[in-house]
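A look at the structure
Here is what each chain is made of, one letter per residue.
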Amino acid sequence: MAGTQHPGRYTGARFRRALMFFLVGRGAQALTFLLLTLLLVRVLPVREYGAYMAVWGMVELMVPLSSFGLLEATRRFLPMLAQGGSRQAVLPFVRGVVAFRLLMLLAWAAVLWLCWPAAMRFIGLEAHELGGPLAAAGAIAVICAVPAFRFVGEMLESLLEQKWSQGLHAALPLVRMAAVAALLFGGALQLPLLLLVDAALALAFLLASLLALASKLREIPDGAPATVRFREVFDFAWHMTGVNLLQATGSVGTLRLLVARFLGLEVAAMFAFIQQLLLMVGRYMPAQVLGSVVRPMLAARHARGEHGTVIDALALLWKANVMVLVVWLAAVGVSGEALMAQASGGRFTETGPVLLLMLLGLGATTQGQTISLCMQLYGLTRPLRTQSLLFLLVPLAVVLGSRWGLTGVAAGIALAHGLKNTFSVWWLRRQGIHIGYDVGALLRLALAMAVAVALSAALHAVLGPWWALALLGLLTVAAMICCKPLRESEFAIVSGVFKGRLARLSGWLRPLVHVERKGAT
């Protein structure tokens, strides 16, 4: 890449401001997404809910299918171009990738229109069950407009414009929830009309995100037209295209459609409901939460040759992921099944083993995102594409595990992702890239949480799930303080991120730091 490098848009102050908007926005998204999920599962019949979630499963599947490496290329190259602060460097790249992504989605929309009856039969529906051609057009519009909206949001995030990105993403489920409530109280809540409303909202929010992106691009000052070579971007995107297509075979949408195919729409409804709740959990796992904000900063640091900083940050993301996963596993082990029954209005019961296994699969998936981020930062896109062949294990595990019902499916998913991650970590170490794993600290935390689970489960048997979770929360804080899972070097990274108005957050983590004695033998 040519051009002068200077702090530009990616200063510490802008990063911390973006992080603040990101945390607040993700909190708002969590609330609106949870309320929408709980509303839909209660107002739609089980079969219609399964069919509706199958359509949204196609949305999740379309994200990797339509990417062709553009999402990853944007995440890598847009921060590099914007680093120089030149509109002439950024505009041609943004226009090109947005135009190409929209063209690809229009092509997929045409394919879906031609294949819609076959797609519905695959999940156990006849096309007329979702309504006439207008409802089918609405469903296809949702399937293609939502990935485009998310893509533009990722571009805003790559420019550290978290205020607009998070605001729009938090508002969409809120407006959808209001629309569902209006249809319900108006006595017009039918699946075809719901799909049309979703389509109108998705297209409106896509337009709003494009206008926000255009506005932020106009704010970038004129300057030298620093560029990246087209060949460099093309090679990166081409390698990531194979990764995207292989990732699609193990995506959330693919799994949901396969469950509908092999276990029926009623079972798929329960699977989708658990997926929706775990998707919310996954969005707030550290690798996902901080990954979106940290990625452009790490890309800028890597471009300046600060490899030690990059590796240390990746190791911290890995550890933070495991810490949060252990807490969630404890909560599900204590009261997960009872709370799931309450959340679904009594529709889905006896979900404990499935929920635990799917949570393990979620943990493996998010750790895989950290590995993928590492390989992308170091330009290892061709090996990443090759290793993505292991994603084919996931749908195979679903098909084989379906013989044992939903429990077998969840176990197969967790095992497949675990095997893929194990191989990837082994391969990275062979290349001399060592992401440090503080096994001792995590084992201490796991043992302490096991004691907390035992005590909380005993209280659950006497007083019920809410009191048990309250006790588990207190015991979790005590376990974190006693085990002190953070190293001083890791706390230094966190303190460097949380400054200014966010400095209090790093202060709350100080009791979790293990202080090593100097000169100890």
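To keep things clear, this report deals only with the structure shown in the data block. All residue numbers refer to positions counted from 1 along the written sequence of the respective chain. For this predicted model, a pLDDT threshold of at least 70 governs which residues receive local features, and a threshold of 80 or more governs which side-chain atom pairs are given and counted, while totals over whole chains, interfaces and linings are taken from all residues. Calculated side-chain values reflect all of the structure's heavy atoms, with hydrogen atoms and water omitted.

Side note on the overall build of the chain
Secondary structure counts use DSSP, requiring at least four H or I residues in a row for a helix and at least two E residues in a row for a strand, with both numbered from the N terminus. A tally of helices and strands in the chain yields 20 helices and two strands. Evaluated residue by residue, the chain yields a buried proportion of 53% over its 521 residues. Only heavy atoms enter the contact rule, under which two residues are in contact if any of them lie within 4.5 Å. Across the chain, contacts joining residues at least 24 apart in sequence account for 83% of those joining residues at least 6 apart. Of the roughly 22,300 Å² of accessible surface on the chain, a fraction of 69% belongs to carbon and sulfur atoms. Buried, partly exposed and exposed residues are distinguished by accessible area as a fraction of the type maximum, computed with a 1.4 Å probe on protein chains only: under 20%, between the cut-offs, and over 50%, respectively. With residues, only the protein chains shown are counted as cover, and all accessible areas are computed by Shrake-Rupley using a 1.4 Å probe.

What to know about the pattern of salt bridges
One side-chain nitrogen of Lys or Arg within 4 Å of one carboxyl oxygen of Asp or Glu is enough to make a salt bridge. By the definition in use, this model includes three salt bridges. Note that Arg150 is salt-bridged to Glu60, the shortest N-O span being 3.0 Å. Of the two residues, Arg150 sits in helix 5 (residues 133-158) while Glu60 sits in helix 2 (residues 46-65), which places them 90 residues apart along the sequence. Given the relative accessible area of 15%, Glu60 is considered buried. Here Arg176 and Asp198 are joined by a salt bridge, their closest N and O atoms 3.5 Å apart. Of the two residues, Arg176 is situated in helix 6 (residues 162-185) and Asp198 in helix 7 (residues 191-218); the sequence distance between them amounts to 22 residues.

Overview of the side chain of Ser165
Relative to the helices and strands, Ser165 is located in helix 6. Ser165 gets classed as buried once you look at its relative accessible area, which sits at 1%. A distance of 3.3 Å separates a polar side-chain atom of Ser165 from the backbone oxygen of Gly153. Not counting the four nearest positions on each side in its chain, Ser165 is found in contact with Gly153, Leu156 and Glu157. Polar contact is defined as a pair of N or O atoms within 3.5 Å, subject to the rule that within protein one atom must be able to donate a hydrogen and the other to accept it, and that residues adjacent in sequence are counted only when both atoms are side-chain atoms.

What about unusual backbone geometry?
A negative phi holds for most residues other than glycine; trans holds for most peptide bonds. Residues other than glycine seldom take positive phi values, yet Phe68 does so here, at roughly 50°. Along the chain, the position of Phe68 falls in the loop between helix 2 and helix 3 (70-82).

Points about helix 18 (residues 465-483)
Its 19 residues place the ends of helix 18 26 Å apart at the C-alpha level, agreeing with the 27 Å of an ideal helix rising 1.5 Å per residue. Taken together, the buried positions of helix 18 are Pro465, Ala468, Leu472, Thr476, Ala479, Met480 and Cys483. End-on, the buried residues of helix 18 take up no more than an arc of 105°, which puts them together on one face. Opposite its buried face, helix 18 presents the exposed residues Trp466, Trp467, Leu474 and Cys482, each directed more than 90 degrees away. Next to the buried residues of helix 18 lie helix 12 (307-343) and helix 17 (439-463). Positioned one or two residues after helix 18, Lys484 has a phi angle of 45°, which is positive. Take the number of residues in a helix, subtract one, and multiply by 1.5 Å to get its expected span. In this context, the arc is that of the directions from the helix axis out to the C-beta atoms.

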